[in-house]
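Residue-level structure breakdown
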Amino acid sequence: MLLTPKWTGCWNAKLRRPPMIDPISVIAGATAAYNGIKKACEMGKEISSFTGAISKFAKANADIDFLEQKAKNPSLYHKMFSNHQADALDIWSKRQKLKEMRTEIQNHISFVYGPSAWKEILRIEAEQRKQQRALVYAKKEAMDNLINGILITLIVSVGLTIAGVVIWFVGKQQGKW
(Lines give C-alpha, C1' and ligand atoms only; values in the text may rest on other atoms or scores of the structure.)
Protein backbone atom coordinates (compact mmCIF):
# COMPACT_ATOMS: atom_id res chain seq x y z
CA MET A 1 0.00 0.00 0.00
CA LEU A 2 1.43 3.34 -1.08
CA LEU A 3 1.12 6.13 1.46
CA THR A 4 1.35 9.73 0.41
CA PRO A 5 2.47 12.19 3.05
CA LYS A 6 -0.04 14.78 4.13
CA TRP A 7 0.97 18.27 3.04
CA THR A 8 0.96 20.63 6.01
CA GLY A 9 2.73 23.63 4.50
CA CYS A 10 1.00 26.65 3.09
CA TRP A 11 1.75 26.76 -0.62
CA ASN A 12 -0.79 29.47 -1.38
CA ALA A 13 0.37 32.73 0.18
CA LYS A 14 -2.88 34.43 -0.83
CA LEU A 15 -4.68 32.55 1.93
CA ARG A 16 -2.64 34.34 4.59
CA ARG A 17 -2.68 37.82 3.11
CA PRO A 18 -5.30 40.41 3.96
CA PRO A 19 -7.81 40.86 1.16
CA MET A 20 -7.06 43.63 -1.31
CA ILE A 21 -9.47 46.53 -1.10
CA ASP A 22 -10.35 48.24 -4.35
CA PRO A 23 -13.15 50.73 -5.07
CA ILE A 24 -14.82 48.58 -7.72
CA SER A 25 -15.35 45.56 -5.46
CA VAL A 26 -16.37 47.84 -2.58
CA ILE A 27 -19.09 49.51 -4.63
CA ALA A 28 -20.24 46.14 -6.01
CA GLY A 29 -20.67 44.81 -2.46
CA ALA A 30 -22.41 48.01 -1.38
CA THR A 31 -24.80 47.86 -4.32
CA ALA A 32 -25.73 44.25 -3.57
CA ALA A 33 -26.30 45.12 0.10
CA TYR A 34 -28.28 48.23 -0.86
CA ASN A 35 -30.57 46.22 -3.14
CA GLY A 36 -31.12 43.65 -0.38
CA ILE A 37 -31.94 46.32 2.21
CA LYS A 38 -34.26 48.15 -0.16
CA LYS A 39 -36.11 44.96 -1.08
CA ALA A 40 -36.45 43.95 2.58
CA CYS A 41 -37.82 47.40 3.46
CA GLU A 42 -40.33 47.23 0.61
CA MET A 43 -41.47 43.80 1.79
CA GLY A 44 -41.84 45.07 5.36
CA LYS A 45 -39.41 42.59 6.92
CA GLU A 46 -38.03 43.04 10.41
CA ILE A 47 -34.66 44.76 10.67
CA SER A 48 -33.17 41.75 12.39
CA SER A 49 -33.78 39.70 9.24
CA PHE A 50 -31.53 41.86 7.08
CA THR A 51 -28.73 42.82 9.44
CA GLY A 52 -26.30 40.89 7.22
CA ALA A 53 -27.02 43.27 4.34
CA ILE A 54 -26.72 46.25 6.66
CA SER A 55 -23.39 44.90 7.88
CA LYS A 56 -22.13 44.52 4.29
CA PHE A 57 -23.18 48.07 3.49
CA ALA A 58 -21.44 49.34 6.63
CA LYS A 59 -18.32 47.38 5.66
CA ALA A 60 -18.36 49.03 2.23
CA ASN A 61 -18.57 52.46 3.88
CA ALA A 62 -15.66 51.58 6.15
CA ASP A 63 -13.62 50.32 3.17
CA ILE A 64 -14.21 53.54 1.22
CA ASP A 65 -13.21 55.56 4.30
CA PHE A 66 -9.98 53.54 4.51
CA LEU A 67 -9.25 53.97 0.79
CA GLU A 68 -9.89 57.70 1.10
CA GLN A 69 -7.47 57.91 4.02
CA LYS A 70 -4.81 55.96 2.11
CA ALA A 71 -5.28 58.19 -0.97
CA LYS A 72 -4.68 61.30 1.15
CA ASN A 73 -1.51 59.84 2.67
CA PRO A 74 -0.16 57.20 0.25
CA SER A 75 2.78 54.99 1.14
CA LEU A 76 6.12 55.33 -0.65
CA TYR A 77 5.32 52.26 -2.74
CA HIS A 78 2.01 53.74 -3.94
CA LYS A 79 3.62 57.11 -4.63
CA MET A 80 6.14 55.44 -6.91
CA PHE A 81 3.96 52.93 -8.75
CA SER A 82 0.37 54.22 -9.01
CA ASN A 83 -1.65 57.05 -10.53
CA HIS A 84 -2.82 59.13 -7.56
CA GLN A 85 -5.22 61.43 -9.39
CA ALA A 86 -7.10 58.56 -11.02
CA ASP A 87 -7.27 56.67 -7.73
CA ALA A 88 -8.52 59.71 -5.83
CA LEU A 89 -11.15 60.49 -8.48
CA ASP A 90 -12.35 56.90 -8.52
CA ILE A 91 -12.62 56.81 -4.73
CA TRP A 92 -14.44 60.16 -4.71
CA SER A 93 -17.01 58.97 -7.27
CA LYS A 94 -17.61 55.77 -5.31
CA ARG A 95 -17.98 57.83 -2.11
CA GLN A 96 -20.67 59.96 -3.79
CA LYS A 97 -22.55 56.85 -4.95
CA LEU A 98 -22.40 55.42 -1.42
CA LYS A 99 -23.74 58.69 0.01
CA GLU A 100 -26.71 58.55 -2.36
CA MET A 101 -27.42 54.94 -1.40
CA ARG A 102 -27.03 55.73 2.30
CA THR A 103 -29.49 58.63 2.10
CA GLU A 104 -32.04 56.48 0.33
CA ILE A 105 -31.59 53.63 2.82
CA GLN A 106 -31.98 56.09 5.71
CA ASN A 107 -35.18 57.47 4.19
CA HIS A 108 -36.62 53.97 3.60
CA ILE A 109 -35.77 52.66 7.04
CA SER A 110 -36.88 55.81 8.85
CA PHE A 111 -40.17 55.82 6.93
CA VAL A 112 -40.93 52.12 7.36
CA TYR A 113 -39.49 51.40 10.82
CA GLY A 114 -39.10 54.84 12.41
CA PRO A 115 -36.06 56.94 13.41
CA SER A 116 -35.05 54.56 16.23
CA ALA A 117 -34.34 51.87 13.65
CA TRP A 118 -31.88 54.18 11.91
CA LYS A 119 -30.06 54.72 15.21
CA GLU A 120 -29.71 50.94 15.54
CA ILE A 121 -28.25 50.81 12.04
CA LEU A 122 -25.73 53.51 12.94
CA ARG A 123 -24.71 51.41 15.95
CA ILE A 124 -24.23 48.34 13.75
CA GLU A 125 -22.23 50.42 11.27
CA ALA A 126 -19.94 51.79 13.99
CA GLU A 127 -19.34 48.27 15.28
CA GLN A 128 -18.53 47.04 11.76
CA ARG A 129 -16.10 49.92 11.17
CA LYS A 130 -14.34 49.13 14.44
CA GLN A 131 -13.98 45.44 13.51
CA GLN A 132 -12.69 46.29 10.03
CA ARG A 133 -10.10 48.66 11.45
CA ALA A 134 -8.88 46.04 13.89
CA LEU A 135 -8.74 43.14 11.44
CA VAL A 136 -8.14 44.10 7.86
CA TYR A 137 -6.80 47.62 7.89
CA ALA A 138 -4.10 46.94 10.48
CA LYS A 139 -2.80 44.07 8.33
CA LYS A 140 -2.91 46.20 5.18
CA GLU A 141 -1.00 49.02 6.87
CA ALA A 142 1.59 46.58 8.23
CA MET A 143 2.10 45.19 4.71
CA ASP A 144 2.50 48.72 3.30
CA ASN A 145 5.02 49.56 6.02
CA LEU A 146 6.98 46.37 5.25
CA ILE A 147 7.09 47.20 1.53
CA ASN A 148 8.17 50.77 2.34
CA GLY A 149 10.93 49.46 4.62
CA ILE A 150 12.21 47.10 1.95
CA LEU A 151 12.18 49.84 -0.70
CA ILE A 152 14.01 52.31 1.54
CA THR A 153 16.59 49.68 2.51
CA LEU A 154 17.11 48.76 -1.13
CA ILE A 155 17.50 52.38 -2.23
CA VAL A 156 19.94 53.19 0.59
CA SER A 157 21.94 50.00 -0.10
CA VAL A 158 22.24 50.77 -3.81
CA GLY A 159 23.24 54.38 -3.03
CA LEU A 160 25.91 53.30 -0.53
CA THR A 161 27.22 50.68 -2.95
CA ILE A 162 27.51 53.24 -5.75
CA ALA A 163 29.22 55.72 -3.41
CA GLY A 164 31.64 53.00 -2.26
CA VAL A 165 32.52 51.99 -5.80
CA VAL A 166 33.09 55.64 -6.82
CA ILE A 167 35.32 56.23 -3.77
CA TRP A 168 37.27 53.06 -4.53
CA PHE A 169 37.83 54.05 -8.18
CA VAL A 170 38.90 57.58 -7.19
CA GLY A 171 41.30 56.14 -4.60
CA LYS A 172 42.66 53.65 -7.15
CA GLN A 173 43.23 56.46 -9.70
CA GLN A 174 45.12 58.50 -7.10
CA GLY A 175 47.21 55.49 -6.10
CA LYS A 176 46.01 55.44 -2.50
CA TRP A 177 45.27 51.71 -2.68
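Bear in mind the structure is a predicted one, so any value in this text is a computation, not a measurement. (Residues numbered from 1 in each chain as written. Predicted model: local features only at pLDDT ≥ 70, side-chain atom pairs only at ≥ 80, totals over all residues. Heavy atoms only, no water.)

1. Points about the environment of A28
Tracing the chain through its elements places A28 in helix α1 (residues 23–43). Along the chain, A28 and A60 lie 32 residues apart, while their C-alpha atoms are 8.9 Å from each other. (Helix = DSSP H or I, 4+ residues; strand = E, 2+ residues; numbered from the N terminus.)

2. Some details on the packing of aromatic side chains
Applying the stated rule across the entire model yields 1 aromatic pair. Seen in terms of ring centroids, W168 and F169 are 5.0 Å apart; in terms of plane orientation they differ by 70°. Their pairing is edge-to-face. Its relative accessible area of 41% is what places W168 among the partly exposed residues. According to the relative accessible area criterion, F169 is partly exposed, its value standing at 47%. (Phe/Tyr/Trp six-rings, centres within 6.5 Å; stacked < 30°, edge-to-face > 60°. Buried < 20%, exposed > 50% of the residue type's maximum accessible area, 1.4 Å probe, protein only.)

3. Considerations on the nonpolar core
Counting residues in each nonpolar core, the largest one holds 30 residues, and the members touching the most others are I21, I37, F50, I54, F57, I105 and I109. Within the residue set of this core, elements represented by two or more residues are α1, α2 (51–72), α4 (84–113) and α5 (115–173). Residues within four places of F50 in sequence aside, it is in contact with I37, A40, C41, K45, I109 and Y113. (Core = buried A, V, L, I, M, F, W, Y, C linked by side-chain atoms within 4.5 Å. Contact = heavy atoms within 4.5 Å.)

4. Details of the side chain of N61
By secondary structure assignment, the location of N61 is in helix α2. For N61, the residues in contact, after removing those within four places along its chain, are R95, L98, R102, E125 and R129.

5. Considering the environment of R129
Here R129 is to be found in helix α5. Beyond its immediate chain neighbours, meaning those up to four positions away, R129 contacts N61, A62 and D65.

6. Examining the packing of α1 against α2
Running from amino to carboxyl end, α1 crosses α2 at an angle of 155°, the nearest separation of the two axes being 8 Å. Compared by their axis directions, α1 and α2 come out roughly antiparallel. Judged by the twist between their axes, the crossing of α1 over α2 is left-handed. Side by side, α1 and α2 meet where P23, V26, A30, A33, Y34 and I37 of the first sit next to A53, I54, K56, F57, A60, D63, I64 and L67 of the second. Of the residues assigned to the contact of α1 with α2, the class counts are 12 nonpolar, no polar and 2 charged. (Axes fitted to C-alpha atoms, helices over the stretch in contact; angles between N-to-C directions. Parallel < 35°, antiparallel > 145°, perpendicular 65-115°, else oblique. Left-handed = near helix turned anticlockwise from the far one by under 90°. Nonpolar A, V, L, I, M, F, W, Y, C, P; charged D, E, K, R; others polar.)

7. Focus: the pattern of salt bridges
Charged atoms that come close allow side chains of opposite charge to pair. Inspection of every chain in the model, using the stated rule, returns 6 salt bridges. The partner of D63 in a salt bridge is K59, and the shortest N-O contact between them spans 2.9 Å. Here the residue D63 and the residue K59 both occupy positions in helix α2, the gap between them amounting to 4 residues, near one helical turn. Taking the relative accessible area as the measure of exposure, D63 reaches 4% and is therefore buried. (Salt bridge = Lys/Arg side-chain N within 4 Å of Asp/Glu carboxyl O.)

8. Some points on α5
In this model, α5 (59 residues) spans 83 Å end to end at C-alpha, consistent with the 87 Å of a helix rising 1.5 Å per residue. R133 marks where α5 bends most, by close to 40°. Positive phi appears at G175, one or two residues downstream of α5, with a value of about 80°. (Expected span 1.5 Å × (residues − 1). Bend = angle between axes of the 7 residues up to and from the residue.)

9. Some words on the packing of α2 against α5
Orientation of α2 relative to α5, taken along the N-to-C sense of each, is 45°, at an axis distance of 8 Å. Taken together, α2 and α5 sit at an angle that is classed as oblique. Regarding α2 and α5, the two cross each other, and that crossing is right-handed. Side by side, α2 and α5 meet where T51, I54, S55, A58, K59, N61, A62, D63, D65, F66, Q69 and K70 of the first sit next to I121, I124, E125, Q128, R129, Q132, Y137, K140, E141 and D144 of the second.

The analysis is restricted to geometry; functional conclusions fall outside its scope.
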